[in-house]
Amino acid sequence: LLLLLAAAVWGPCFSGGLRSPQRRWPVPYRRFDYRPKTDPYCQARYTFCPTGSAIPIMREEDVIEVYRLQAPVWEFKYGDLLGHLKIMHDAVGFKSSLTGKNYTMEWYELFQLGNCTFPHLRPGMDAPFWCNQGAACFYEGIDDTHWKENGTLVLVTTISGTMFNEMAKWVKYDNETGIYYETWTVQASPDSQSVVWFDSYECSKFILRTYQKLADLGAVFKKIQTNYTSIILFSGEPIYLGNETSIFGPLGNKTLAAAIRDFYYPFKPHRTVGEFFVDLLKIIDRVILNGQFYLFYNLEYWFLPMKYPYLKIIYEEVPLPIGSKASFGV
């Protein structure tokens, strides 16, 4: 996973006179009317949300503690390895005062990070095939050891049962309409004021949306520092290329289609270390030396003219939202 993330900064030669029309930046994340069924071809090494359950309806007078949960990605398998690089996974925990029960809620990939970041090139299919859905997972219990050992488990606010139930309605809407995982944040430079071309849509963004919803409902958050991981690509102004039909369809651009497939080929799963390093050199040549990357976002393809420092993993502070005690009698 680390090698994949490192390799991803470095894309096939693309030239031509295409220019993006004036656009709104960052490109708004597209929401959908419903969640499509996943293709049986998409398989996960680890089952998505294996103990998931429905979100319970809380009694209005309940007092529910809300916890910030954070741990290194794949902590269950590699311990604190990715934590040293500040590649963290975020979740939120709840504890009911009336029942004493704990709950965990998080949002992550249905088929692991690699499948959300890069497509499969399937024989007999011109277009790259994506297994990039993400979704919310809710289950009873909080694994204290998992979150505390190498990460964070800290109380951030207290809410009422009424607020929890309103939040649950929002989670259902958010989960049914925001269905695709987006790994990359893309911006013009490392400067904090630089233009953001695309924003990621992953676990931390779900937690931030959840906190904001609770604040909108009246939750008052503690004043504590909260940091989140972002994986950022640095690029000049992106160039819009088209969608799957316009590029790979019968009347599509065969030269561009071949270039996109050729770009993604080195990111395939590797059977040997030697094969990996050969493809890594190809990635470095395309992304670093030629400054090229193809991004798939909102089911559309974009060309990114990459520039230094190409990629950076940051662990930056995003303050907890400011709420109001006026709502729902908190």
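Provided above is the structure to which this section pertains.
Attention here is on the structure that accompanies the text. This structure is a prediction, so every number in the text was calculated from the model and none was measured.

### Brief notes about the packing of aromatic side chains
For the structure shown, the criterion picks out 31 aromatic pairs. Residues Trp107 and Tyr201 carry aromatic rings whose centres are separated by 5.3 Å and whose planes lie at 85 degrees to one another, so their mutual orientation is edge-to-face. With Trp107 in strand β3 (residues 102–109) and Tyr201 in the loop between β7 (196–198) and α6 (203–217), this pair connects stretches of sequence that are 94 residues apart. Residue classification places Tyr201 among the buried residues on the basis of a relative accessible area of 5%. The structure contains a cluster of three or more aromatic residues connected by ring pairs, namely Phe118, Trp130, Trp184, Phe248, Phe263, Tyr264, Phe267, Phe293, Tyr294, Phe296, Tyr301 and Phe303. Above the ring of Tyr228, the side-chain terminus of Arg68 is found at 4.9 Å from the ring centroid. Sitting over the face of the ring of Tyr41, Arg122 holds its NZ or CZ atom 3.7 Å from the ring centroid.

### Comments concerning the sheet that holds strand β1 (residues 63–72)
Here five strands make up an open sheet; going across it, the order is β4-β3-β2-β1-β5 and the pairing antiparallel. The open sheet terminates on both sides in strands that have one partner only, identified here as β4 (134–140) and β5 (152–160). Across the sheet, the mean angle separating the axes of adjacent strands is 25 degrees when strand polarity is ignored. The pairing of β1 with β5 spans eight bridges and is antiparallel. Bridging across to β5, Glu65 finds its partner in Thr158. The strands touched by α6 are β1, β2 (88–96), β3, β4 and β5; relative to β2, the strand with the most contacts, the crossing angle is about 35 degrees.

### A word on the state of the cysteines
Two cysteines form a disulfide when their sulfur atoms are joined by a covalent bond. For the structure shown, the criterion picks out two disulfides. Each disulfide pairs two cysteine sulfurs, and for Cys42 the partner residue is Cys131, the sulfurs being separated by 2.1 Å. Judged by the sign of its S-S torsion, about -85 degrees, the bond between Cys42 and Cys131 is left-handed. Residue Cys42 is found in the loop between α1 (2–7) and β1, and its partner Cys131 is found in the loop between α3 (112–117) and β4; the two are separated by 89 residues along the sequence. The disulfide that involves Cys49 links it to Cys137, with 1.9 Å between the sulfurs. Here the S-S torsion is close to 80 degrees, and the disulfide linking Cys49 with Cys137 is therefore right-handed. With Cys49 in the loop between α1 and β1 and Cys137 in strand β4, this residue pair connects regions lying 88 residues apart in the sequence. An identical accessibility class is assigned to Cys49 and Cys137; each is buried. Going through the chain in sequence order and numbering each bonded cysteine, the pairs you get are 1-3, 2-4.

Conventions used here
Residues numbered from 1 in each chain as written. Predicted model: local features only at pLDDT ≥ 70, side-chain atom pairs only at ≥ 80, totals over all residues. Heavy atoms only, no water. Phe/Tyr/Trp six-rings, centres within 6.5 Å; stacked < 30°, edge-to-face > 60°. Helix = DSSP H or I, 4+ residues; strand = E, 2+ residues; numbered from the N terminus. Buried < 20%, exposed > 50% of the residue type's maximum accessible area, 1.4 Å probe, protein only. Lys NZ or Arg CZ within 6 Å of the ring centre and 35° of its normal. Pairing = 2+ DSSP bridges. Axes fitted to C-alpha atoms, helices over the stretch in contact; angles between N-to-C directions. Contact = heavy atoms within 4.5 Å. Disulfide = S-S within 2.5 Å.

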